[in-house]
Amino acid sequence: MMEMEDTPDLVRPVVIAAFEGWNDAADVASSVVDHLMLVWNARVVAAIDPEEFYDFQVHRPVIGNDENGHRRLTWPTTQIAVASPPDLDRDVILIRGIEPNMRWRQFCAELLAACDDLGAETIVTLGALLADTPHTRPVPVTGTATEPELVDRLKLEQSTYEGPIGIVGVFQDACARLDIPSVSYWAAVPHYVAQPPCPKGTLALLGQLEDLLEVSIPQLDLAEDARAWERGVDELAEDDEDIADYVRTLEETRDTADLPEATGEAIAREFERYLKRRGDDGPTAPPD
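K.L.:
Residues and numbers for the pattern of salt bridges, please.
P.N.:
Following the criterion strictly, the structure yields 15 salt bridges and no others. Of the charged contacts in the structure, one is a salt bridge between Arg96 and Glu20, with a shortest N-O distance of 2.7 Å. On the criterion of sequence distance, the pair formed by Arg96 in strand 6 (residues 92-98) and Glu20 in strand 1 (residues 14-20) is long-range, its members being 76 residues apart. You can call Glu20 partly exposed: its relative accessible area is 28%. Residues joined by salt bridges that share partners form a network here, namely Arg12, Asp89, Arg90 and Glu121.

Right, dumping it as structure tokens:
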């Protein structure tokens, strides 16, 4: 069983979870949780015992030196952290880990039991997949929810997907079986640049969390990293005529599909997000 540090009672906590592996193209989702742990100064309070869930020939332990210069063995695992973000009237539970190799149902049961002990009210899972989407356009994010009330309130969908799933889907199914409200956001990453990182995808998921939680999340260097990532992919495409032609085809397809979204709610939502973030960061200096 998982051992948890003593934690003060949390205020209406919401869980945000991501897992490396099959569910996490270009490490987009797990990078979101890494970012939140940093900007919200999260504290790790528990970790799954990896012995029951991981194949150490697939996910090997790592040896290194700690801050005191002592040799330390680090095992692959899934951690639970808690945070009290400023300007948010509730606490957050962050789950960051690796898709297990075995005993998925027990794995989900242990995580949900820990979330229940911490008083979690809602669970949000994050994922990323490879798709036919151009790197030059906003990263598409789809959202689904298990309960009709959440679907209506957040303007999401109830999933109609049929086929193989990873730990994110199993975790969300476990939530549904226990009547725990859950939401899942998935970013679509360009399949021709599948290697991590993909800061543009991470920013897209952070934007959805901002809308969900109604709070501005500090970006740090993510926006500049996303611009640099896009410039780098532009340079790669320029050096390969076939890729450049393919990207143009994807752009045309995307622009045609998104034409109705060019005005209205999509722009209003992005502008509101910008204003919130500018208010939090203070006035910006005028351009030279």
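K.L.:
Kindly report on the environment of Lys155, identifying the contributing residues and their values.
P.N.:
Looking at the element boundaries, Lys155 is found in the loop between helix 3 (148-154) and helix 4 (167-177). A relative accessible area of 63% places Lys155 in the exposed class. Counting along the chain gives 10 residues from Lys155 to Ala145, while the straight-line C-alpha distance between them is 9.6 Å.

K.L.:
Please give an account of the sheet that holds strand 1 that cites residues and values.
P.N.:
Strand order in the open sheet formed by seven strands is 2-5-6-1-7-9-8, with mixed pairing between adjacent strands. With one partner strand each, in any of the chains shown, strand 2 (43-47) and strand 8 (141-145) form the two edges of the open sheet. Across this sheet, the average inter-strand angle for adjacent strands is 25°, counted without regard to direction. Bridge count for strand 5 (residues 79-83) against strand 6 is five bridges, and the pairing is antiparallel.

K.L.:
Could you give an account of the state of the cysteines, with specific residues and numbers?
P.N.:
Scanning all chains against the criterion turns up zero disulfides. No disulfide involves Cys115; its sulfur sits 7.8 Å from the nearest other cysteine sulfur, which is in Cys175.

K.L.:
How would you sum up helix 6 (residues 222-238)? Please name residues and give values.
P.N.:
With 17 residues, helix 6 should reach 24 Å at 1.5 Å per residue; the first-to-last C-alpha distance of 24 Å fits that figure. Within helix 6, burial applies to Leu222, Ala223, Ala226, Trp229, Val233 and Ala237. Taken end-on, helix 6 shows its buried residues confined to a sector of 120°, consistent with a single buried face. Among the exposed residues of helix 6, those oriented more than 90 degrees off its buried face are Glu235 and Glu238.

About the cut-offs
- Residues numbered from 1 in each chain as written.
- Predicted model: local features only at pLDDT ≥ 70, side-chain atom pairs only at ≥ 80, totals over all residues.
- Heavy atoms only, no water.
- Salt bridge = Lys/Arg side-chain N within 4 Å of Asp/Glu carboxyl O.
- Helix = DSSP H or I, 4+ residues; strand = E, 2+ residues; numbered from the N terminus.
- Buried < 20%, exposed > 50% of the residue type's maximum accessible area, 1.4 Å probe, protein only.
- Pairing = 2+ DSSP bridges.
- Axes fitted to C-alpha atoms, helices over the stretch in contact; angles between N-to-C directions.
- Disulfide = S-S within 2.5 Å.
- Expected span 1.5 Å × (residues − 1).
- Arc of directions from axis to C-beta.

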